[in-house]
Amino acid sequence: MFEPVLRVEKSEGIATLTLNRPAKLNALSLELRSALANAFEALQRDPEVGVAILTGAGRAFCAGLDLKELGGDAGDPARAVSEGDVVRAMHRFDRPLIGAVNGVAVTGGFELALACDVLVASSEARFADTHARVGIIPGWGLSQKLPRLVGIHRAKELAFTGNYLSARQAEAWGIVGRVVEPAELLPVCRALARDMLGCDPATLRAYKRLIDDGFARPFGDALRLETETSRAHARGLTADAIAARRAGIQARGRSQTRS
């Protein structure tokens, strides 16, 4: 029976994308990279999808580029690095993207994880940057994102050794937001997705863009960007809309307090 390298399931505004090469630890073949990039481009055009979840089938999240394919007779390292930039497609997706890291996330797989907006890890997840061991320079953001997350010395330790980082250590270092038992991974991510769907969609997209754009700027420039964005957004608000949303927030707060 034919099994696609990427499964895409949609339900109640949530799209779940599952890397589906479990026997290859979901290594990123050219076929899988193309499928993933195309899927995010399609989701970007789908008004029914408000949140996406990215995870892996089997015991791995993603083992990075398919080194067997890359080292084969038809392998072209320059092409592999330059083509199939799935992270670029992920960044163009303007709604929240939750990474459900179910197992190992290595090198390019680590970069896929860091391209998500929110990360939840299974207790069985592990992270590693083996670029230097493989002989490849990262091109999907790992060398710049990781030092900003964990500090330059910790990032260099991971980059220069290729050692694995446990899920709990990744949580302690601020790479993932939380660690849960394997059976709870997707339920927790879906619950977070439903919470996100309760926000105003247009504001949520603008907020994501503001955070991402500001994160790439010096702090002073980022603050000015926030001010400009806030004022521009406020010009489109009405008192009635604010009142309606305030009532919804109060009702949700009472519900959460009781639970």
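Each remark here, short or long, concerns the structure printed above.
Residues numbered from 1 in each chain as written. Predicted model: local features only at pLDDT ≥ 70, side-chain atom pairs only at ≥ 80, totals over all residues. Heavy atoms only, no water.

Next up on the list: the overall build of the chain. Scanning the chain from terminus to terminus reveals 13 helices and 10 strands. For the chain, the proportion of its 259 residues judged to be buried stands at 41%. Looking at the chain alone, contacts between residues at least 24 apart form 71% of all its contacts between residues at least 6 apart. Counting only carbon and sulfur atoms, one obtains 54% of the accessible surface of the chain, whose full area is about 14,300 Å². (Helix = DSSP H or I, 4+ residues; strand = E, 2+ residues; numbered from the N terminus. Buried < 20%, exposed > 50% of the residue type's maximum accessible area, 1.4 Å probe, protein only. Contact = heavy atoms within 4.5 Å. Areas by Shrake-Rupley, 256 points an atom, 1.4 Å probe, with all protein chains shown as cover.)

Moving on to the sheet that holds strand S8 (residues 126-128). Taking strand neighbours across the sheet as the criterion, the four strands line up as S4-S6-S8-S9 in an open arrangement whose pairing is mixed. At either margin of the open sheet sits one strand with a lone partner, and together these are strand S4 (60-62) and strand S9 (165-166). The sheet contact formed by S8 and S9 spans two bridges and is antiparallel. Pairing of Phe127 across the sheet is with Leu165, part of S9. (Pairing = 2+ DSSP bridges.)

The next thing to look at is the environment of Asn20. Of note, Asn20 is situated in the loop between strand S2 (14-19) and helix H1 (30-44). Spatially, the C-alpha atom of Asn20 lies 7.9 Å from that of Glu3, the residues being 17 residues apart in sequence. Filtering out sequence-adjacent residues up to four positions away, Asn20 remains in contact with Glu3, Pro4, Val5, Leu6, Arg7, Asn26 and Ala57. Within polar-contact distance, the side chain of Asn20 engages the side chain of Glu3 at 2.9 Å. (Polar contact = N/O pair within 3.5 Å; in protein donor to acceptor, adjacent residues only side chain to side chain.)

All of the buried residues in helix H7 (residues 142-150) are Leu142, Lys145, Leu146 and Val150. Buried residues along H7 cover an arc of 100 degrees about the axis, so they all sit on one side. Where the residues of H7 are buried, they touch helix H4 (86-92), helix H5 (108-114), helix H6 (131-134) and helix H8 (152-161). Where H7 terminates, the next one or two residues include Gly151, which has phi positive at roughly 95 degrees. (Arc of directions from axis to C-beta.)

Bringing helix H11 (residues 201-215) into the picture now. For H11, with 15 residues, the first-to-last C-alpha span of 21 Å sits near the 21 Å given by 1.5 Å per residue. All of the buried residues in H11 are Ala206, Lys208, Leu210 and Gly214. (Expected span 1.5 Å × (residues − 1).)

This paragraph deals with the pairing of strand S7 (residues 118-122). Across the five residues that make up S7, a large majority, four, are buried. Relative to S7, strand S5 (residues 97-101) runs parallel, the two sharing four bridges. Within S7, the position partnered with Ala100 by the bridge is Val120.

Mapped onto the elements of the fold, Asn102 is located in the loop between S5 and strand S6 (104-106). Among the polar contacts listed, one links the side chain of Asn102 to the side chain of Thr55, at a separation of 3.4 Å.

Axis separation between H7 and H8 bottoms out at 7 Å; the angle between their running directions is 130 degrees. One way to sum up the angle between H7 and H8 is to call them oblique. Considering how the two elements wind past one another, H7 and H8 form a crossing that is right-handed. Taking contact as the criterion, the partners of Leu146, Pro147 and Val150 in H7 are, on H8, Ile152, Arg154, Ala155 and Leu158. Looking at the contact of H7 with H8 residue by residue, the class counts come to six nonpolar, no polar and one charged. (Axes fitted to C-alpha atoms, helices over the stretch in contact; angles between N-to-C directions. Parallel < 35°, antiparallel > 145°, perpendicular 65-115°, else oblique. Left-handed = near helix turned anticlockwise from the far one by under 90°. Nonpolar A, V, L, I, M, F, W, Y, C, P; charged D, E, K, R; others polar.)

In this structure, Leu112, Phe127 and Ile175 are the most contacted members of the largest nonpolar core, which totals 49 residues. Top element by residues in this core is H1. It accounts for six residues. Ignoring anything within four residues of it in the chain, the contact list for Ile175 reads Phe110, Leu114, Leu119, Leu146, Val150, Leu165 and Ala170. If you look at the next biggest cluster of nonpolar residues, it comprises 13 residues, including Val180, Leu185, Cys189 and Leu192. (Core = buried A, V, L, I, M, F, W, Y, C linked by side-chain atoms within 4.5 Å.)

Here we take up the sheet that holds S2. With respect to topology, six strands assemble into an open sheet ordered S1-S2-S3-S5-S7-S10, the strand pairing being mixed. Each edge of the open sheet is held by one strand with a lone partner, namely strand S1 (6-11) and strand S10 (178-180). The sheet shows a mean angle of 20 degrees between the axes of neighbouring strands, taken without regard to direction. Here three bridges tie strand S3 (residues 51-56) to S5, and the two strands are oriented parallel to one another. Note on S5: the bridge partner recorded for Ile53 is Ile98. Relative to the sheet, H1 contacts S1, S2, S3 and S5, its axis offset from that of S2 by approximately 175 degrees.

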